[in-house]
Amino acid sequence: MISPTRLIASLPSNSRHLALLLGLLLLGLAVAGDALSHAPQLTPPLLAAAVVSALLSRWGVPRLRQLKLGQVIREEGPQAHLSKAGTPTMGGLLVVPVGVLIGGLVDPSDPRLPAVAAITLAYLAIGAVDDWRSLTKHHNTGLTPRGKLLLQAISAVAFLAWAAAGQFMGGDIALPLGWVLPLGLVIWPLGLFVFLAESNATNLTDGLDGLAAGCGAIVFSGLGLQLMLRGHEGDPALAGFCAAMAGCWLGFLLFNRHPARVFMGDTGSLAMGAALAAVALLSNSLWPLLLMGGVFLAESLSVIVQVWVFKATKNPATGQGRRVLRMAPLHHHFELGGASEQQVVVGFWAVSLILVTLGLVLLP
């Protein structure tokens, strides 16, 4: 039986061609979705956001470099990554507002879109503060973990309070085969958990060139497509927002693919997770997000399991414990197993595409 590491190591690694192929594939999905739903809801925002974000990134990346916003690489990570030190970061500032603006214009009359835009930009601001503090301290730690979580929680609670006031969220979770999971008031603490878990999962995934941007574009495309295919229960406004966010990450991918000319930073990764969480909660798409975003989930669980096992088996005398993986998050495990960075990224893109397909088959 072929191990996952060997399978990933066998994948092609031409990042430029594969990034273009991914963009064409997601564009094809958008066109197909529009054809099936008889509404041009996905293709125009995806194309517009991709083009604008690519042009803005082309202009903005040299400006980030001039401002000396170079990434600080953590010393305990893979040694091959130390060469990336100095690559401009905070690229999320260039493209997230593009996705938010174009997504908000999909249906200006929908009162939910400004709130989704606001929570996305709030998490972008939290990430920007975290990135800026890392840069000024010349160390790969910005805000304290507790401080960052507190800011994320406050923003999420404000969003959930708005959703409660407008009655935009029900107490049930739609599942496949017509099943429904009734949660009642539990949906509110669950909503807070989803914001914290998803934003930090996308943050952990942002560790290789093009990994988070590519997976994010795939998951946003999948969420948008499933919303258009759910018939009368669909949500064209939020589907269009998803398409715009997918487009902004595709445009960014042209500069973030290996070798990356810019990183999104916490500025982009936290905003990505917040947007996914907000759309999922307002459109009753928690199940599709859980399934389609399986790569994000796996990355987060890999860190939790690694830390828990290490602490549980830690020898007081030596300070050493057992490790389940070579290194966490999960992408580093495969990288240290012999697969190149590009092959790990392509492998995770492929898994995300499979999970999106499975999510479309198992529509709520």
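A.B. asks: Can you walk me through the nonpolar core in this structure?
C.D. replies: Nonpolar side chains in soluble globular proteins tend to be buried together. By size, the foremost hydrophobic cluster in this structure holds 97 residues, and its most contacted members are Phe195, Phe220, Trp249 and Trp349. Ranked by residues supplied to this core, first place goes to helix 9 (residues 236-256) with 15 residues. Residue contacts for phenylalanine 195: discarding those within four places in its chain leaves Ile119, Tyr123, Ala156, Phe159, Leu160, Ala274, Ala277, Ala278 and Leu281.

A.B. asks: Sorry if this is basic, but what is going on with the pattern of salt bridges here?
C.D. replies: Think of it this way: side chains of opposite charge can pair up when their charged atoms draw near. Throughout the structure, instances matching the rule amount to four salt bridges. With a shortest N-O distance of 3.0 Å, lysine 148 and aspartate 266 are connected by a salt bridge. Placement of lysine 148 in helix 6 (residues 145-165) and of aspartate 266 in helix 10 (residues 265-282) is noted, with a sequence separation of 118 residues between them. As far as burial versus exposure is concerned, lysine 148 and aspartate 266 are alike and both buried. One continuous salt-bridge network, built from bridges that share partners, spans Asp110, Arg112 and Asp235.

A.B. asks: Can you walk me through helix 12 (residues 294-312) in this structure?
C.D. replies: Since the α-helix packs 3.6 residues into each turn, any two residues three or four apart lie on the same face. Under the 1.5 Å per step criterion, the end-to-end length of helix 12 is 26 Å for 19 residues, consistent within 8% with the ideal 27 Å. Of all the positions in helix 12, only Gly294, Val295, Phe296, Glu299, Ser300, Ser302, Gln306, Val309 and Phe310 are classed as buried.

A.B. asks: Sorry, what's going on with the packing of helix 2 (residues 15-37) against helix 3 (residues 43-66) here?
C.D. replies: For any two helices packed against each other, one specifies the crossing angle of their axes together with the interaxial distance. Two numbers describe how helix 2 lies on helix 3: the axes approach to 9 Å, and their chain directions differ by 155°. By the angle between their directions, the pair helix 2 and helix 3 is classed as roughly antiparallel. Of the residues in helix 3, those in contact with Leu26, Leu27, Ala30, Val31 and Asp34 of helix 2 are Thr43, Pro44, Leu46 and Leu47. Among the residues forming the contact of helix 2 with helix 3, the class breakdown is seven nonpolar, one polar and one charged.

A.B. asks: Explain the packing of helix 5 (residues 112-137) against helix 6 to me, please; I cannot follow it from the model alone.
C.D. replies: Two elements in contact, helix 5 and helix 6, have axes whose closest approach is 10 Å; the angle formed by their N-to-C orientations is 175°. It follows that helix 5 is roughly antiparallel to helix 6 by the angle criterion. Packed against helix 5, whose contacting residues are Arg112, Ala115, Val116, Ile119, Ala122, Tyr123, Ile126 and Asp130, the element helix 6 presents Lys148, Leu151, Gln152, Ala153, Ser155, Ala156, Phe159 and Trp162 at the interface. Its residues placed into classes, the contact of helix 5 with helix 6 shows eleven nonpolar, two polar and three charged.

A.B. asks: Quick question: what am I supposed to make of helix 4 (residues 92-104) here?
C.D. replies: The end-to-end C-alpha separation of helix 4 is 18 Å, in line with the 18 Å expected for 13 residues at 1.5 Å each. In the core, the buried residues of helix 4 are packed alongside helix 3, helix 5, helix 9 and helix 10.

A.B. asks: Any chance you could explain the layout of surface pockets here in plain terms?
C.D. replies: Taking a probe equal in size to a water molecule and rolling it over the atoms shows the remaining empty space. When its volume is computed, the second largest pocket comes out at roughly 270 Å³. Looking at the lining of the second largest pocket residue by residue, the class counts come to twelve nonpolar, two polar and no charged.

A.B. asks: Honestly, the environment of leucine 105 in this entry has me stumped. Any pointers?
C.D. replies: With respect to the helices and strands, the residue leucine 105 is situated in the loop between helix 4 and helix 5. Once the C-alpha coordinates of leucine 105 and proline 45 are considered, the two residues, 60 residues apart in sequence, prove to be 9.0 Å apart.

A.B. asks: What should I look at first to understand unusual backbone geometry in this one?
C.D. replies: Trans peptide bonds make up most of the peptide bonds, and negative phi angles are found at most residues other than glycine. Residue proline 259 is reached from histidine 258 by a cis peptide bond, and omega for that bond is -5°. A cis amide bond links alanine 328 with the next residue in sequence, proline 329, at an omega value of 0°. Tracing the sequence through the fold places proline 329 in the loop between helix 12 and helix 13 (330-336). With a phi angle near 55°, glutamine 167 is a residue other than glycine that sits in the positive phi range.

A.B. asks: Could you clarify how one ought to interpret the environment of alanine 278 in this entry?
C.D. replies: Secondary-structure assignment places alanine 278 in helix 10. Take alanine 278: its relative accessible area is 0%, and that puts it in the buried class. Put simply, alanine 278 and threonine 120 are 158 residues apart on the chain and 8.2 Å apart in space, counted from C-alpha to C-alpha. Contact partners of alanine 278, with chain neighbours within four places excluded, come to Val116, Ile119, Phe159 and Phe195.

A.B. asks: What exactly am I supposed to notice about the side chain of threonine 89 here?
C.D. replies: Within the secondary structure, threonine 89 sits in the loop between helix 3 and helix 4. By relative accessible area, which is 2% here, threonine 89 ends up buried. Filtering out sequence-adjacent residues up to four positions away, threonine 89 remains in contact with Leu64, Leu69, Gln71, Leu135, Phe263, Met264 and Gly265.

A.B. asks: Looking at this structure, I do not really get empty space enclosed by the protein. What am I missing?
C.D. replies: Summed over the entire model, instances satisfying the criterion amount to two cavities of 30 Å³ or more. In this structure, the largest cavity encloses a volume near 70 Å³. Considering the residues around the largest cavity, the lining is formed by 13 residues, among which Ala30, Leu42, Ser221, Gly222 and Leu225 are closest to the centre. Looking at the lining of the largest cavity, the elements with two or more residues in it are helix 2 and helix 8 (211-228). With six residues, helix 8 is the largest single contributor of residues to the lining of the largest cavity. Of the residues in the lining of the largest cavity, the class split is ten nonpolar, three polar and no charged. By volume, the second largest cavity amounts to about 60 Å³. Taken together, Ser15, Ala19, Asp209, Gly210, Arg257, His258, Gln342, Val345, Val346 and Trp349 make up the full set of residues lining the second largest cavity. Looking at the lining of the second largest cavity, the elements that each hand over two or more residues are helix 2 and helix 14 (341-361). Ranked by residues supplied to the lining of the second largest cavity, first place goes to helix 14 with four residues.

Quick notes on the rules
- Residues numbered from 1 in each chain as written.
- Predicted model: local features only at pLDDT ≥ 70, side-chain atom pairs only at ≥ 80, totals over all residues.
- Heavy atoms only, no water.
- Core = buried A, V, L, I, M, F, W, Y, C linked by side-chain atoms within 4.5 Å.
- Buried < 20%, exposed > 50% of the residue type's maximum accessible area, 1.4 Å probe, protein only.
- Helix = DSSP H or I, 4+ residues; strand = E, 2+ residues; numbered from the N terminus.
- Contact = heavy atoms within 4.5 Å.
- Salt bridge = Lys/Arg side-chain N within 4 Å of Asp/Glu carboxyl O.
- Expected span 1.5 Å × (residues − 1).
- Axes fitted to C-alpha atoms, helices over the stretch in contact; angles between N-to-C directions.
- Parallel < 35°, antiparallel > 145°, perpendicular 65-115°, else oblique.
- Nonpolar A, V, L, I, M, F, W, Y, C, P; charged D, E, K, R; others polar.
- 1 Å grid on protein atoms, 1.4 Å probe; cavity = no way out; pocket = protein on both sides within 12 Å on 5 of 7 lines; lining within 4 Å.
- Points joined across faces, edges and corners; volume = space filled by probe spheres on them.

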